[in-house]
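Each chain, letter by letter, is given below.
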Amino acid sequence: MLISGNIILITGGASGIGFCLAEQLVALGNEVIICDRREDKLTEAKTKIPKLTTRVCDVSKEEERIALFEWVTKEFINLNVLFNNAGIQRDINLLNMDRDWSYYTEEIKINFEAPLHLSSLFIPHLQQQKNPAIINISSDLGFAPLSVFPIYCATKSAIHSLSLTMRFQLRKTGIEIYEVIPPKVISELNYESRLRTNTLHIGQSTAEFAAIIIKGLERGDLEISYGLAEKRRTASRTELDEMFNSMNDNVKDFV
Ligand SMILES: NC(=O)c1ccc[n+]([C@@H]2O[C@H](COP(=O)([O-])OP(=O)(O)OC[C@H]3O[C@@H](n4cnc5c(N)ncnc54)[C@H](OP(=O)(O)O)[C@@H]3O)[C@@H](O)[C@H]2O)c1
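What this report covers is the structure whose coordinates are included nearby. (Residues numbered from 1 in each chain as written. Predicted model: local features only at pLDDT ≥ 70, side-chain atom pairs only at ≥ 80, totals over all residues.)

1. Observations regarding the pairing of strand β3 (residues 53–56)
For a regular strand, the rule is simple: side chains alternate between the two faces of the sheet. Quick note on the threshold: Paired strands are those between which DSSP finds at least two bridges. Strands are runs of DSSP state E lasting at least 2 residues, helices are runs of H or I lasting at least 4, and numbering of each runs from the N terminus. With its strands directed away from the observer, a crossover is right-handed exactly when the path from the first strand over the helix to the second travels clockwise.
Relative to β3, strand β2 (residues 31–36) runs parallel, the two being bridged by four bridges. Looking at the pairing, Ile-34 lines up with Thr-54 of β3. In this fold, β2 hands off to helix α2 (residues 39–48), which returns the chain to β3; that crossover is right-handed.

Laid out in structure tokens, this is it:
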């Protein structure tokens, strides 16, 4: 993929991996639009990178996804890259799911339904553009799940599967489908859990990982991963089973 001269929408781009990627893509000469659900975070992002265009959008809501698509394709008629980045992660005890059901479906809506719906909205538009691409972000936990995050890991496996089928179905359209598979990256994803488990500072920096994404896109790597994520991406089923067992042996159970 060309890494300059694009017009790119990054969902959930006001912090973490999305924000660092936006910063590096702007420096490379791309027009970058970020959306996020909180206006204060977007204002902070815009103060740090004045060239950014920002838009409030909660991607868990169907009507807001449609409004985002209509607005952005009117304002940026040659937008050619969609990066489905927004995501959340929650600890879920499958033996005690006593919250309102919407609490559980929110993770599915943000991590899986939004990338699927946004892609479906953007595909006809992207087909008319030069160098079009969709970038989905899954996780190494989509390959070997951590049992405390059952919904999160399932949504990320689903993103991997969707990326494969989307790439196949769109192979004659000219739209390139990339899948970014991060290892643990230092960010605010599931902040409470990272705080509780004293892992806030464990992982790769967002700036380093954003640079890896850009290098991967430039090389045309359809699956972009690094470190442990690369091991999990390429592991055999037996190796994945071993990883699953050792990862989960060390996890404090809910019961
Ligand atoms: N960090 C890791 O270790 C890691 C590993 C593998 C995969 N990933 C994936 O990488 C992506 C980025 O995560 P990150 O680590 O950069 O976490 P992050 O710092 O929490 O960034 C995620 C961004 O998405 C936004 N967002 C969440 N729900 C949204 C919604 N409904 N509508 C619009 N924006 C929303 C968040 O806003 P709020 O602050 O308001 O929630 C936040 O700005 C996620 O898909 C995550 O699953 C991360």
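2. A closer look at the sheet that holds strand β1 (residues 7–11)
What counts is decided by this rule: Convention adopted: a line fitted to C-alpha atoms gives each axis, helices being fitted over their contacting stretch, and angles between N-to-C directions are expressed from 0 to 180 degrees. Here contacts are defined at the residue level, using C-beta atoms placed from the backbone and a cut-off of 7 Å between them.
The strand order across the open sheet formed by seven strands is β3-β2-β1-β4-β5-β6-β7, and the pairing between neighbours is parallel. Since the sheet does not close on itself, it has two edges, and those belong to β3 and β7 (223–225), each with one partner. Looking at each pair of strands side by side, their axes are set apart by 15 degrees on average, direction ignored. Each of β5 (133–137) and β6 (176–181) is contacted by helix α5 (residues 150–169), which is oriented at about 160 degrees to β6, the strand it contacts most.

3. Observations concerning the site of the ligand
Here is the rule: By definition, a residue lies near a molecule or strand provided its backbone-derived C-beta atom is within 6 Å of it. Each residue receives one of three labels: charged for Asp, Glu, Lys and Arg, nonpolar for Ala, Val, Leu, Ile, Met, Phe, Trp, Tyr, Cys and Pro, and polar for the others, Gly being one of them.
Every one of the 29 residues lining the ligand counts as a neighbour, but Gly-12, Gly-16, Gly-87, Ser-139 and Ser-187 are closest to it. Examining the composition of the shell around the ligand, we find that three residues originate from one element, helix α1 (residues 16–27), more than from any other. Classifying every residue of the shell around the ligand gives eleven nonpolar, twelve polar and six charged.

4. Quick notes on α1
Quick reminder of the rule: Multiplying 1.5 Å by the residue count of a helix minus one yields the expected span of that helix. Residues with at least 20 other C-beta atoms within 10 Å of their own are called buried, those with 12 or fewer are called exposed, and the rest are partly exposed. The C-beta atoms themselves are positioned from the backbone.
Its twelve residues place the ends of α1 17 Å apart at the C-alpha level, agreeing with the 16 Å of an ideal helix rising 1.5 Å per residue. Counting buried positions over the twelve residues of α1 gives nine, a clear majority of the element. Buried within α1 we find Gly-16, Ile-17, Gly-18, Phe-19, Cys-20, Leu-21, Ala-22, Glu-23 and Leu-25. The inward-facing, buried residues of α1 contact β1, β2, α2 and α7 (206–219). Of the residues one or two after α1, Gly-29 is the one with positive phi, at around 95 degrees.

5. Structural notes on unusual backbone geometry
Of note, Asn-190 is a non-glycine position whose phi angle comes to about 50 degrees, a positive value. The class of Asn-190 is partly exposed, set by 19 C-beta atoms lying within 10 Å.

6. Some points on the pairing of β1
Counting buried positions along β1 yields four of five residues, so the element is predominantly enclosed. With five bridges connecting them, β1 and β2 associate as parallel partners. By the bridge assignment for β2, Thr-11 is matched with Cys-35. Assessed by its sense of winding, the connection that carries the chain from β1 through α1 to β2 is right-handed.

The values reported here are purely geometric and, on their own, carry no functional implication.
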